[in-house]
Amino acid sequence: MGHKLKIVGLLSAGALAGALASISLQTAARGSLAPLPLEELQQLAAVFSMVKSNYVDPVDEKKLITDAIAGMVAGLDPHSVYMDAKTLKDFNEGTTGKFVGVGIEITQEDGYIKVVSPIEDSPAFKAGLKPNDLIVKIDDTLVKGLSLNEGVKRMRGEPDTKVLLSVFRKDENRTFQVTITRELIKTQSVKARIVEPGYGWVRLSQFQERTVADFARKVEDMYKQEPRLKGLVLDLRNDPGGYLDAAVAISAAFLPENVTVVSANGQLPESKFTYKASPQFYARHGNDPLAQLNPATRKALSTVPLVVLVNEGSASASEIVAGALQDHHRAKLLGSQTFGKGSVQTAVCLDGAFRMDNCPTAALKLTTSRYYTPSGKSIQAKGIVPDVMVDETEEGNLFAALRTREADLEKHLASGQGDEVKDAAREKVREEARKKLEEEMKKPAADRKLPEYGSDKDFQLQQAIKQLKGQPVLASKTQVERAEEKKDN
């Protein structure tokens, strides 16, 4: 048997080496990349042959190769992923703002699915799921050991079908079950209203294909209702990000033309770029959604006093907007230090299709760059620090130090701007937060529920309005800037 394995392994390695000849030529043509490691690839071929020949049950060759690719990519960082046909379909649906599912933005923590934030008005939102909830079981399947993609697949399905989720809520130290009926999720990524005479509130829950057009329409309606706004609150709390061009467009609505919004730097020339506040950097197919704004409204947006609300759930594209408005001194930022996802993912169809929505079978979403604010600061594993730290409630923001950010994710990228240093003071703050959590647990659950964003009980929104009026703001007494932590490479 050992001799047979050796022969099969050599044949596989030889075939692989032959197939790599053309790939090596392509790699050499790229110029800056190192030659392919043939010895390691021969090992890969040998393992493939051993598994194929010796595993207790027959294994599909295509599945072995797909799993090898998925594992290779997953080992890079939390945001790089291999997408098979089903995952690719879900990816394309999510970016357009239409998909069938429960309606949550998720990541992974300790092998479980972690809720970053429920999509507003989705089945998950109505069922009461909250940020930081851990999904430990989907129907009869334990989540531990599943990839994030596998978890997503099990929660997606046909409209009007049910899924049973077992959820562990850390801040209440309890596990409960909730049955959610899947729906076609048409995410409304923009909400807007006049909070009080002279002051408006615009909330972006995600940066999707329709976000900029919806933003322009709702802001126009707001100015028709209140032509002389004295101040505006841009609410990016729990906004997980989305399309880069949408973030650039929203930034451009408030900034002078042609100023830098964001830059990026990566290994290849195409991963190094600078986007500015100009239609050429965000208009798709020549269509500028901001052009539908009345010239008077467009001018008002560039001058109206502006406050931006952010928190630990504000990530990626929302951090680009917050960083640009802060660096150009266009807005004051209130809330909590943001998530810190400052990396660019490029989606490439592996079948050669030009458009991702036409990609037939598989694609790769690969981290290719780091984002930088206009002043050159890296967002990655740092996030944006608000000008004024403001708690979620008048009683405090007791659990801010315990909340997960990019720097907490396994295999996260370093910022690329010097070593990340572990902050001993933060561990002390975390311990204090744990003790406060124990005290908070003694209160009735209803007393711990945070108010709905945009409501008259939204404490952070109230402080933002005070900031716009020039009144004293009740700054946090518990939150501190979270220092970078050392990353072992």
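Overview of the structure.

## Section: the packing of aromatic side chains
Then, in step 1: Under the counting rule described, the total for this entry stands at three aromatic pairs.
Then, in step 2: Aromatic side chains F273 and Y275 sit 4.8 Å apart centroid to centroid with 40° between the ring planes, which places their arrangement in the tilted category.
Then, in step 3: Residue class for F273 comes out buried when judged on its relative accessible area of 18%.
Then, in step 4: Seen from the ring of Y453, R237 lies directly overhead, with NZ or CZ sitting 3.9 Å from the centre.
Then, in step 5: Over the ring of Y243 we find R284, and its NZ or CZ is 4.2 Å from the ring centre.

## Details of the nonpolar core
Then, in step 1: Counting residues in hydrophobic clusters, the biggest one holds 52 residues, and the most contacted among them are F215, L234 and F254.
Then, in step 2: Counting residues per element, this core draws most heavily on helix α8 (residues 244-254), at nine residues.
Then, in step 3: Leave out the neighbours within four places in its chain, and L234 touches V202, L204, I250, F254, L306, V307, V308, L309, V321 and L325.
Then, in step 4: Ranked by size, the runner-up nonpolar core spans 16 residues in total, among them I113, L129, V163 and I180.

## Remarks on the pattern of salt bridges
Then, in step 1: Taken as a whole and judged by the stated rule, the model has 15 salt bridges.
Then, in step 2: A salt bridge links R169 to E172; the shortest N-O distance between them is 3.9 Å. For the residue pair R169 and E172, the accessibility class agrees, reading buried in each case.
Then, in step 3: The closest approach of N and O atoms between D235 and R203, which form a salt bridge, is 3.4 Å. A residue pair is termed long-range when its members are at least 10 positions apart, and D235 in strand β12 (residues 231-235) and R203 in strand β11 (residues 199-204) qualify at 32 residues. For the pair shown, D235 and R203 are each scored as buried.
Then, in step 4: Salt bridges sharing partners connect three or more residues here, namely D133, R169, E172 and R174.

## Let's talk about the environment of D84
Then, in step 1: Note that D84 resides in the loop between β1 (81-83) and α4 (85-96).
Then, in step 2: Along the sequence, D84 and T361 sit 277 residues apart, while their C-alpha atoms lie 6.3 Å from each other.
Then, in step 3: Setting aside chain neighbours within four positions, we find D84 in contact with K153 and T361.
Then, in step 4: In terms of polar contacts, D84 uses its side chain to reach the side chain of K153, at 2.6 Å.

## Digging into the sheet that holds β11
Then, in step 1: As summarised here, the arrangement of the six strands in space is β10-β11-β12-β15-β16-β19, forming an open sheet in which the pairing is mixed. Edge positions in the open sheet fall to β10 (190-196) and β19 (388-389), since each of these has one partner strand only.
Then, in step 2: The pairing of β12 with strand β15 (residues 306-310) spans four bridges and is parallel. Each residue of the ladder has a partner; that of L234, found in β15, is V308.

## Side note on the pairing of strand β8 (residues 174-181)
Then, in step 1: Judged from the eight bridges that link them, strand β7 (residues 162-169) and β8 form a sheet pairing that is antiparallel. Each residue of the ladder has a partner; that of L164, found in β8, is T179.
Then, in step 2: Between β7 and β8, which follow one another and run antiparallel, lie four residues, and N173 among them has a positive phi close to 50°.

Each value, and the rule that gives it
- Residues numbered from 1 in each chain as written.
- Predicted model: local features only at pLDDT ≥ 70, side-chain atom pairs only at ≥ 80, totals over all residues.
- Heavy atoms only, no water.
- Phe/Tyr/Trp six-rings, centres within 6.5 Å; stacked < 30°, edge-to-face > 60°.
- Buried < 20%, exposed > 50% of the residue type's maximum accessible area, 1.4 Å probe, protein only.
- Lys NZ or Arg CZ within 6 Å of the ring centre and 35° of its normal.
- Core = buried A, V, L, I, M, F, W, Y, C linked by side-chain atoms within 4.5 Å.
- Helix = DSSP H or I, 4+ residues; strand = E, 2+ residues; numbered from the N terminus.
- Contact = heavy atoms within 4.5 Å.
- Salt bridge = Lys/Arg side-chain N within 4 Å of Asp/Glu carboxyl O.
- Polar contact = N/O pair within 3.5 Å; in protein donor to acceptor, adjacent residues only side chain to side chain.
- Pairing = 2+ DSSP bridges.

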